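Overview (structure and organization)
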There are 2 protein chains.
Amino acid sequence: MRHTDAMAPIYLGALDIGGTKLAATVANVSGPLARVVAPTARSGSERAVGEQAIALLEQACAHAGIDARRIARLGVSSCGPFVAAGGSIALVTPNLCGGLSGAADLPNDWTRIPLEAVLRERFADVVIRNDCIAALTGERSFGALQEEADCVYVTWSTGIGFGLCVDGHILLGKHGNAGHAGHMLLSGQSDALCGCGNRGDVEALVSGRNLGLRGGQGAAAIFAAARQGVAAERLLVEQAAHWFGKALYNLAATLDTRVFVIGGSVWMHHGDWLEALVRHEIASRLPALTAGVELKPAALGALVADIGALCLVLPSEWRRAWRQSQPWQALAG
Amino acid sequence: MRHTDAMAPIYLGALDIGGTKLAATVANVSGPLARVVAPTARSGSERAVGEQAIALLEQACAHAGIDARRIARLGVSSCGPFVAAGGSIALVTPNLCGGLSGAADLPNDWTRIPLEAVLRERFADVVIRNDCIAALTGERSFGALQEEADCVYVTWSTGIGFGLCVDGHILLGKHGNAGHAGHMLLSGQSDALCGCGNRGDVEALVSGRNLGLRGGQGAAAIFAAARQGVAAERLLVEQAAHWFGKALYNLAATLDTRVFVIGGSVWMHHGDWLEALVRHEIASRLPALTAGVELKPAALGALVADIGALCLVLPSEWRRAWRQSQPWQALAG
């Protein structure tokens, strides 16, 4: 792919920063040009993740045959939570920062990752959003939530995360942490323990990681056994689906949501048979708050974070063309 | 009080529609001129509440010596929930609509109250908001939430209600029902039953009405006994304060809220000793989501709904003057 505007071609950068992998994409008006992925840095100084992100962007630019200095805007989808550090966003992610949890399996003593500060040394125009907020932005631009004012993106995967939109406004909150409803308390008496320290929050009750811990095997094996009808796993997963439905109901009552779009590996593989259980937890409650609430599968699949990161900085005049050409399909190959 | 603009004086109307009383206020640039209150209509046709509201507005105008036809804009704070009925807001309030709950104590069979349709027959410019959203608007205009972008108003009274503001945007939702987080599920195993049918939601666990039902006496008596240290009531109220704190934590995690302003009769009378219990439920959780969260008492007291209703339609150029003159103080007398 080559750009066709010879005078002043605009290039966009996109980063998808997760707990296990980091992806860098460069795009122009025609669509994504190149994408490079690597395991997220876990050692070195607190600047390591930001510096790795810049290096991967430079690699992506090299693949595309352009100079990284020509990237005009950079959109970043990142794991959280965020804190404000000297006016810029830093990450305080428990599964990256060894200094937060004292987790022995992390080879660092980071207490915060100065992501925005490091990126801004190289890029003037940087927009950083929580990964589920970026995914919501992607689904609203090109996926299952186009033209939808009152909607929620939720991922059911290793963890549980949400991106929230009310009255057409995507919610950020004071530090950009709106949507951390995976840490909403649902069960007062539960012994299900979340990585954040909560007992009985959504993530403790529902996430793949926590089901794996409680079920004594990997989440994929638990869900497969449950689908085949093995009693213990079936009960564990059905209870999780009920809790997940209660969490969506809580958000519908709180935000007067019309549509939930559900992504993540659990829903992608098992939404077909879990959906009825989830719907029941919503539809069985006060009709004024629940009538007409819809559940839909996410449309952008595994690339939702990369596309979402691009959407954070996408010129509005590109959007219409991309809706038709869907140029991100090239990344999936 | 007389208006000073001889050419085209603007009058505003305000309605506070509650489950037990309905208040109508008329105001001009100098402030509220008159206020009339009556028990909310419970018999007649489904139009009765809307027609009563118009009649009370006319009475308030008569007191002020003006013609009700000169009311240019009408702000309405109303109990909910709302539904959309032919493009306008109708109320489906369980404690007003006898046809919803089949409650034998309501002398009507209403299934919805066509509030907006009836008011619009007389007033062209009508803004209707849930009562806690109106209260939030009032506190943001003249109370404890001025210049605050990420804030929540919560009332702890007979029921539990919320008004939500994120990034400076007051959340409405698809039918204006955002903030019904009193019906958020908190306890999976609880037998506390809410009027909406939920078990273990915030209102079932915390509201004055539900504590009264579970404690076998009026809520005021329960709180008074608890304050004096009577063991059973003390336990009941302390548990309620913990649940209330968990509800605020859930909203802080979901919306990344900075300030909660708390109103309602329970907090007004007992916030002094309950606050530490509530704070503990927030401050004991993940610092990235809870550090710096503040609790403040509501500033506008019993008139918050009336002031809030006025604020829904208040010209912005009046706001500065009213901040100084606080003309609503006259209503308190």
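An account of the accompanying structure is given in this report. (Residues numbered from 1 in each chain as written. Chains lettered and ligands numbered in written order. Predicted model: local features only at pLDDT ≥ 70, side-chain atom pairs only at ≥ 80, totals over all residues. Heavy atoms only, no water.)

**What about the overall build of chain A?**
Which entries qualify depends on this criterion: In this description a helix means any DSSP run of H or I spanning at least four residues, a strand means any run of E spanning at least two, and both kinds are numbered starting from the N terminus. Atoms counted for the radius of gyration: C-alpha only. Globule rule: 2.2 Å times residue count to the power 0.38. Think of it in three bands: residues with accessible area under 20% of the maximum for their type are buried, residues over 50% are exposed, and the middle band is partly exposed, with areas taken using a 1.4 Å probe on protein chains only.
A count of helices and strands for chain A gives 13 helices and 12 strands. In summary, chain A has a C-alpha radius of gyration of 20 Å against a globular reference of 20 Å for 333 residues, a match within 12%. When its C-alpha atoms are laid out on the principal axes, chain A stretches across 60 × 45 × 40 Å. Within chain A, buried positions represent 58% of all 333 residues.

**Considerations on the relation of the copies chain A and chain B**
Stated formally: To superpose the copies, least squares is applied to the C-alpha atoms of every residue with a pLDDT of at least 70 in both. Note on definitions: a residue-residue contact is assigned when non-hydrogen atoms from the two residues lie within 4.5 Å.
Mapping chain A onto chain B leaves a residual RMSD of 0.0 Å; the transformation is a rotation of 180 degrees accompanied by 0.0 Å of translation along its axis. Considering both components of the superposition, the chain copies are consistent with a two-fold axis. Most of the interface of chain A is mirrored in chain B, where 100% of its interface residues again form contacts.

**Concerning the pairing of strand 1 (residues 11-17) of chain B**
All names here are of chain B. Inclusion rule: One bridge is not enough; two strands pair if DSSP finds at least two bridges between them.
By the criterion of burial, strand 1 is predominantly enclosed, with seven of the seven residues buried. Neither face of strand 1 is left uncovered, since the one carrying Tyr11, Gly13, Leu15 and Ile17 and the one carrying Leu12, Ala14 and Asp16 both have all their residues buried. As paired strands, strand 1 and strand 4 (residues 71-78) are joined by seven bridges and run parallel to one another. The partner of isoleucine 17 across the bridge, within strand 4, is serine 78. Between strand 1 and strand 2 (residues 21-28), which pair antiparallel in sequence order, lie three residues.

**Comments concerning the sheet that holds strand 12 (residues 294-297) of chain A**
Strand pairing within a sheet occurs via backbone hydrogen bonds; the two strands may be parallel or antiparallel. Taking strand neighbours across the sheet as the criterion, the five strands line up as 10-9-8-11-12 (chain A) in an open arrangement whose pairing is mixed. Whereas interior strands pair on both sides, the edge strands pair on one side only; in this sheet they are strand 10 (169-170) and strand 12 of chain A.

**Section: unusual backbone geometry**
Among all residues save glycine, negative phi is the norm, and among peptide bonds the norm is trans. Residue and element names in this part refer to chain A. For the bond running from glycine 80 to proline 81, omega is -5 degrees, close enough to zero to count as cis. Position of proline 81 among the secondary structure elements: in the loop between strand 4 (71-78) and strand 5 (82-85). Of note in this structure, aspartate 256 is not a glycine but carries a positive phi near 55 degrees. Inspection of the secondary structure puts aspartate 256 in the loop between helix 8 (231-255) and strand 11 (259-263). The buried category is assigned to aspartate 256, whose relative accessible area is 1%.

**Remarks on the pattern of salt bridges**
Condition: One speaks of a salt bridge when a side-chain nitrogen belonging to Lys or Arg is within 4 Å of a carboxyl oxygen belonging to Asp or Glu.
One pass over the full model with this rule turns up 34 salt bridges over all chains. Among the salt bridges present, the one from arginine 258 of chain A reaches glutamate 148 of chain A, with a minimum N-O distance of 2.8 Å. Separated by 110 residues along the polypeptide, arginine 258 of chain A in the loop between helix 8 and strand 11 and glutamate 148 of chain A in the loop between helix 4 (131-142) and strand 8 (151-156) bring together distant segments of the chain. Taking the relative accessible area as the measure of exposure, arginine 258 of chain A reaches 26% and is therefore partly exposed. Since its relative accessible area comes to 12%, glutamate 148 of chain A is described here as buried. Across the salt bridge formed by arginine 69 of chain B and aspartate 67 of chain B, the nearest N and O atoms sit 2.9 Å from each other. A residue is classified by how much of its surface remains accessible, and aspartate 67 of chain B, at 31% relative accessible area, is partly exposed. Bridged by salt links that share partners, the residues Arg47, Glu51 and Glu121 of chain A form one connected network.

**Thoughts on the environment of alanine 55 of chain A**
Position of alanine 55 of chain A relative to the elements: it lies in helix 1 (residues 48-64). In sequence terms alanine 55 of chain A and glycine 271 of chain A are 216 residues apart; their C-alpha atoms lie 37 Å from each other.

**Concerning the packing of aromatic side chains**
Short version of the rule: When two rings of Phe, Tyr or Trp (its six-membered ring) have centres within 6.5 Å they constitute a pair, described as stacked for plane angles under 30 degrees, edge-to-face for angles over 60, and tilted for the intermediate range. Working rule: Lys NZ or Arg CZ, within 6 Å of ring centre, within 35 degrees of ring normal, means a charge sits over the ring.
Inspection of the entire model under this criterion finds 14 aromatic pairs over all chains. On the basis of an interplanar angle of 40 degrees and a centroid distance of 4.7 Å, the ring pair of phenylalanine 142 of chain A and tryptophan 328 of chain A is categorised as tilted. Here tryptophan 328 of chain A lies in the loop between helix 12 (316-325) and helix 13 (329-332) and phenylalanine 142 of chain A lies in helix 4, a separation of 186 residues in the sequence. Exposure remark for tryptophan 328 of chain A: the relative accessible area of 5% places this residue in the buried category. Where tryptophan 318 of chain B meets tryptophan 322 of chain B, the ring centres are 6.1 Å apart and the plane angle is 35 degrees; that geometry is what we call tilted. Of the two residues, tryptophan 318 of chain B and tryptophan 322 of chain B are both situated in helix 12 (residues 316-325); the distance of four residues between them amounts to about one turn of the helix. Accessibility classification places tryptophan 318 of chain B together with tryptophan 322 of chain B in one group, the buried group. Within the aromatic cluster, the residues linked to one another by ring pairs are Phe142, Trp318, Trp322 and Trp328 of chain A. Taking the ring centre of phenylalanine 123 of chain B as reference, the NZ or CZ of arginine 122 of chain B above it sits at 6.0 Å. We note arginine 285 of chain B situated over the ring of tyrosine 249 of chain B; from NZ or CZ to the ring centre the distance is 5.2 Å.

**Thoughts on the sheet that holds strand 3 (residues 31-39) of chain B**
Residue and element names in this part refer to chain B. What counts here: For helices, the axis comes from a line fit to the C-alpha atoms of the stretch in contact; other axes are also lines fit to C-alpha atoms, and the angle between any two N-to-C directions lies between 0 and 180 degrees.
Across the sheet, five strands lie side by side as 3-2-1-4-7; this open sheet has mixed pairing. Sheet topology places strand 3 and strand 7 (126-130) at the edges, where each strand pairs with a single neighbour. Neighbour to neighbour, the strand axes of the sheet diverge by 15 degrees on average, direction disregarded. By the bridge criterion, six bridges tie strand 1 to strand 2 in an arrangement that is antiparallel. Directly across from isoleucine 17, in strand 2, lies its bridge partner leucine 22. Helix-sheet contacts for helix 4 (residues 131-142) involve strand 4 and strand 7, and the interaxial angle to strand 7 is about 105 degrees. Where helix 11 (residues 304-311) meets the sheet, its contacts fall on strand 1, strand 2, strand 3 and strand 4, and the angle it forms with strand 1 comes to roughly 135 degrees.

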